[in-house]
Structures are given as C-alpha cells and as structure tokens.
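Fold and geometry: a report
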Amino acid sequence: MIKNLTAEQEALLPVYRDKWLDIGLSTEPLNFEKAKAAVCVAYESVGLPKPTKFYTAKSPVDAIRLIKNLNPRMETNKIMSDMAYGCHDANWLGFYQYFRDVVGIKACEKLDGLIDLAHHCGWLNMYHDTVVFQDRPKHIKFDDQNRLHCEYGPAILYRDGYSVYAWHGVTIPSEWITNKGELTAKIALTWANTEQRKAACEIIGWATVLRELNAHTIDSDEDPMIGTLLEVDIPDIGEEKFLRVLCGTGREFAIPVPPNMKTALEANAWTYGLEGNLLRDLEVRT
Amino acid sequence: MKSVSVRDQVMDQVRAQVRDRVMDQVGAQVSAQVSAQVEAQVVAQVRAQVMDQVGAQVWAQVWAQVRDQVEDQVWWQVWWQVRNTLQNEIN
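Residues numbered from 1 in each chain as written. Chains lettered and ligands numbered in written order. Predicted model: local features only at pLDDT ≥ 70, side-chain atom pairs only at ≥ 80, totals over all residues. Heavy atoms only, no water.

**So, a nonpolar patch on the surface**
On the surface, a nonpolar cluster with roughly 220 Å² of combined accessible area is contributed by Val6(B), Val10(B) and Val14(B). Looking at the element boundaries, Val10(B) is found in helix α1 (residues 2–29). (Patch = residues over 30% accessible without salt bridge, like charges linked within 9 Å, V, L, I, M, F, W, Y side chains within 5 Å. Areas by Shrake-Rupley, 256 points an atom, 1.4 Å probe, with all protein chains shown as cover. Salt bridge = Lys/Arg side-chain N within 4 Å of Asp/Glu carboxyl O. Helix = DSSP H or I, 4+ residues; strand = E, 2+ residues; numbered from the N terminus.)

Pasting the structure below:
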C-alpha cells in the first residue's frame, strides 16, 4: 500500500493537471487515423473485436443526425446517453494516467486506449463494429476567472457552426449576443431563470436597466462602495428595490435587495448578512 | 414505353429492398452500444485496483490536485454546458 507520494511524485501533480487541461480544452481538429487506432485498443482491452466502420461528425448535433441516418429507429435521447466524451473525459483519464505513469500502477494500463483516444477526438459513440467520432470545438472562450464567456460571439463554436453562448459561466440565448439591441430591460428583468436574468442585466448594463425603468433614488451613501438604494417599478412584477454599488474593480452592479431596506448602508450590509452600522465599523477597521 | 415502366418499377423495388436490408444491417450495428463495456466497466475495475494499492491520503491528494482542477474547467465549464444546451434543444 502506497501511503504517501514522494517529493518527485508531488512535483508532477501540476504537470499532469496542466497537461490534461490542455487535452480537455484542445480545439485541434479530430485526428481521424490516430482516433481509429486508439479506439481499437480500447475495444481490444475489454475483449471486443475491433470495429471496422468509422464515421466522423463535426459536432454533437451532427453526430445525432448521422446516427439517425444510419439507424432511423434510434431515439435521440438514446444516442445522447450512449455518448462517450473523449477529450472531455480529461478529468478522470488524467487522474488514472498519473497513477499509471507516476505511481506505477499497472492496472491503469487497461485505460491506454481511452487515454490515447482523448488526445485525438471529441465525443464519440461506440457501437458493435461501428464508431462515430466527433470533432472537437473550433474555439472555446473563457473570462479571466476561467468561466465560459464571450461578449461578441459563441463561447463554444464547432466547425459546423453548432455553438453555445455563455456569459460568465451561464449559458444564454444566442440572440442576446447576436442581436443585443433586441434585449430590453423588460425582457431581462422578467426572465424566469435568475442566473440568466442577471446575465441579461449585465449584458444590457445595470445602469441602463435602471435608467430604462426610471428608478428613483431612496438613499445615496457618500461612499460609492456603499452605493445608492433605488426603487423601480418592474413590468409584471411591481415595486422592487436595488442597491447600485461599485465593486472593488470599479464595475457598477445593481443587486436586488428586500423591500424593507431604507438606506444604502442597510442594503449593502444585508448583502453580507450584517447590520448597517456593523458594516461601517468593519470598513473602518480594514 | 410500357416495358420501360415495368423495368423501372422492378428496379425501384429492388433498390428499396437492398436499401432496407442495408439499413437493417447498419441499424443493428449502431443500436448495440458498447460504451458501457469499453468505458464504465473498465473504469470500475481500474478504480478498485488503484484503491487497493494506494492509501486514502494519496487518492485524495491526486484527486484534489489533478482531477478536481481539470474537472472544474473541462467538465463543468465545457462538457456540461454543451451537454445541457443540447439536451434543452432536444427537449
């Protein structure tokens, strides 16, 4: 039983993490020949005969379309549930590759085919004698906190145009980016999903949202980090209070606060679960 | 004209039969998925053997410093978002 890693083994932990982050986030095109060879090793490792028919798809939706053409009786949800994830299985494949290569656990060699496969393709469907490989995304974009995000286009784009739009880690309707002018404060503030609602308000800009709704000031603190307490009449919702405040990075936010808030300080303190005067005391100390 | 028409009809029937037969064969091949066998069963075996050979501390250390950190970005930020978007579009 191995109870501790050596210093040399520990030094390789971030190396494997970075290596598998690169594999998982790769936007290289599918390497068809290498993926074929790797998947054959994976089949053989469990005693299955090598597949002989290989197809390629440019994205997950293209793969579903292709498999339905091959077998019209296959249901979409079944095709989805049969998918393996190639490069996106990087988390657990990297974990076991570390044990294989660094700790020397031979049992992990059974994963050689899948580990190799992750280097060369995106998702895939493995059937008896037939494999459908998918291409990897053409681009993947993140914000500075490594959340999926792109302000001017899809955050994930496949080579056939299939795409995912995201705002700081929250998936959003594509038209919020492609046709920003159509996104109004009313749409944003009445959107059912609260994470997407917040994203919509950020896309429009909180200042614009509150201005469009003719927010009126209830209380304004002299400290901009404490902010201004505003009240607005939101269509179909009614009176709501918001705290408009600057964060440490200078960005302006408007945070919904309970209707019983009377001052900006009280509302700001509420966001930390504190009472107003206590927040001011804390600020003085720091 | 009539003989051409009969020939066309026969050819259409033959083509349809061949196509159906090919579709049946291909369909059978792509209905028998082996992902669970190639992936899930192997992983279960490998996991059991690794756990037999390394202590809980080593397992947790590699999990936290390799697996968790890759999972945060690759699995949750990319895989999940694609999968979730696709699932919503299908439903």
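**Comments concerning the packing of helix α2 (residues 13–24) of chain A against helix α3 (residues 56–90) of chain B**
Running from N to C, α2(A) and α3(B) cross one another at 20°; their axes reach a closest spacing of 9 Å. Classified by the interaxial angle, the pair formed by α2(A) and α3(B) is roughly parallel. Where α2(A) crosses over α3(B), the two elements pack in a sense that is right-handed. In this structure, α2(A) uses Leu13(A), Tyr16(A), Arg17(A), Trp20(A), Leu21(A) and Gly24(A) to contact α3(B), whose residues at the interface are Gln61(B), Val62(B), Gln65(B), Val66(B), Gln69(B), Val70(B), Gln73(B) and Val74(B). (Axes fitted to C-alpha atoms, helices over the stretch in contact; angles between N-to-C directions. Parallel < 35°, antiparallel > 145°, perpendicular 65-115°, else oblique. Left-handed = near helix turned anticlockwise from the far one by under 90°. Contact = heavy atoms within 4.5 Å.)

**A word on the packing of aromatic side chains**
Applying the stated criterion across every chain yields a total of 18 aromatic pairs over all chains. Geometrically, the ring pair formed by Phe32(A) and Phe54(A) is edge-to-face, given 6.5 Å between the ring centres and 85° between the ring planes. A residue pair is termed long-range when its members are at least 10 positions apart, and Phe32(A) in helix α3 (residues 32–45) and Phe54(A) in strand β1 (residues 53–57) qualify at 22 residues. Each ring, one from Trp176(A) and one from Trp191(A), has its centre 4.8 Å from the other, and the planes form 70°; the classification is edge-to-face. Note that Trp176(A) is positioned in helix α8 (residues 175–178) and Trp191(A) in the loop between α9 (185–189) and α10 (194–204), a separation of 15 residues in sequence. With relative accessibility at 3%, the residue Trp176(A) sits in the buried group. A residue is classified by how much of its surface remains accessible, and Trp191(A), at 29% relative accessible area, is partly exposed. Through a chain of ring-to-ring contacts, the aromatic side chains of Tyr16(A), Phe95(A), Tyr96(A), Tyr98(A), Phe99(A), Trp59(B) and Trp63(B) assemble into a single cluster. In this arrangement the basic side chain of Arg67(B) is found over the ring face of Phe95(A), its NZ or CZ atom lying 5.2 Å from the centre. The ring of Trp63(B) has Arg67(B) lying over it, and the distance from NZ or CZ to the ring centre is 4.0 Å. (Phe/Tyr/Trp six-rings, centres within 6.5 Å; stacked < 30°, edge-to-face > 60°. Buried < 20%, exposed > 50% of the residue type's maximum accessible area, 1.4 Å probe, protein only. Lys NZ or Arg CZ within 6 Å of the ring centre and 35° of its normal.)

**Examining the interface of chain B and chain A**
How big an interface is tends to be reported as the loss of accessible area on association of its parts. Contacts between chain B and chain A engage 53 residues on the former and 71 residues on the latter. Together chain B and chain A conceal approximately 5800 Å² of surface at their shared face, both sides included; 67% is due to carbon and sulfur atoms. Our count for the contact surface shared by chain B and chain A stands at zero salt bridges. Here chain B is connected to chain A by 15 residue pairs in polar contact (both at pLDDT 80 or more). Where the side of chain B that touches chain A is concerned, the elements lending two or more residues are α1, α2 (35–53) and α3 of chain B. When residues in the side of chain B that touches chain A are grouped by element, the largest group, 26 residues, is from α3(B). (Buried area = accessible area lost by both parts, 1.4 Å probe. Polar contact = N/O pair within 3.5 Å; in protein donor to acceptor, adjacent residues only side chain to side chain.)

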